[in-house]
Amino acid sequence: MQLFKKIILEFLVKKHCIGGVHTPLDRVKSCVQQHSKQDKKEFEKALHELVTDEWIVVMNKRTGKGSDLHISINPRKIEEVDDFLEEQ
């Protein structure tokens, strides 16, 4: 699960998705290689834990096709995110 957390956070940092800048959750899911049902469960668990710890903000954004979930890094927790990424 720590691996999925690291992958999600690195993806968001690389794309500069911090605060008001966000990316669709589907894009993050498609970039993470999930080979089995267990991988999908661990990815969802890691994502849920990041949201619970308030490292990631999930918001519902309106798009041309309806609405999608978008995510970004919580700017108030950026120091904790940096510390986590340096440890890994």
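Everything numeric here is computed off the predicted structure, so don't read it as measured data. (Residues numbered from 1 in each chain as written. Predicted model: local features only at pLDDT ≥ 70, side-chain atom pairs only at ≥ 80, totals over all residues. Heavy atoms only, no water.)

### Description of the sheet that holds strand E3 (residues 66–73)
- Strand order in the open sheet formed by three strands is E1-E3-E2, and the pairing between neighbours is antiparallel. Looking at which strands have only one partner, the edges of the open sheet turn out to be strand E1 (23–24) and strand E2 (56–63).
- Helix H1 (residues 2–14) contacts E1, E2 and E3 of the sheet and is inclined by roughly 95° relative to E3. (Pairing = 2+ DSSP bridges. Helix = DSSP H or I, 4+ residues; strand = E, 2+ residues; numbered from the N terminus. Contact = heavy atoms within 4.5 Å. Axes fitted to C-alpha atoms, helices over the stretch in contact; angles between N-to-C directions.)

### Details of the confidence of the model for the protein chain
- Taken over all residues, the pLDDT of the protein chain has a mean of 90, while the share at 70 or more is 99%.
- For the protein chain, per-element mean pLDDT is lowest for helix H2 (residues 25–31), which scores 87, and highest for helix H4 (residues 78–87), which scores 93. (pLDDT = per-residue confidence, 0-100.)

### Examining the environment of isoleucine 73
- Checked against the element boundaries, isoleucine 73 lands in strand E3.
- Given the relative accessible area of 0%, isoleucine 73 is considered buried.
- When the C-alpha atoms of isoleucine 73 and cysteine 17 are compared, they prove to be 6.2 Å apart, with 56 residues separating the residues in sequence. (Buried < 20%, exposed > 50% of the residue type's maximum accessible area, 1.4 Å probe, protein only.)

### A word on the environment of cysteine 31
- Looking at where cysteine 31 falls in the secondary structure, it is placed in helix H2.
- Once the C-alpha coordinates of cysteine 31 and phenylalanine 11 are considered, the two residues, 20 residues apart in sequence, prove to be 8.5 Å apart.

### A short note on the side chain of asparagine 74
- On the secondary structure map, asparagine 74 appears in the loop between E3 and H4.
- Using a relative accessible area of 12% as the deciding quantity, one classes asparagine 74 as buried.
- Beyond its immediate stretch of four places on either side in the chain, asparagine 74 contacts Glu54, Trp55, Ile56 and Val57.

### A short note on the pairing of E3
- Inspection of the sheet shows E1 paired to E3 by two bridges, in the antiparallel sense. Considered in E3, the bridge of threonine 23 is made with isoleucine 71.
- As judged from the eight bridges shared by E2 and E3, these two strands associate in the antiparallel manner. Pairing of valine 57 across the sheet is with serine 72, part of E3.
- Where E2 hands over to E3, the hairpin turn is made up of two residues, counted between the paired strands.

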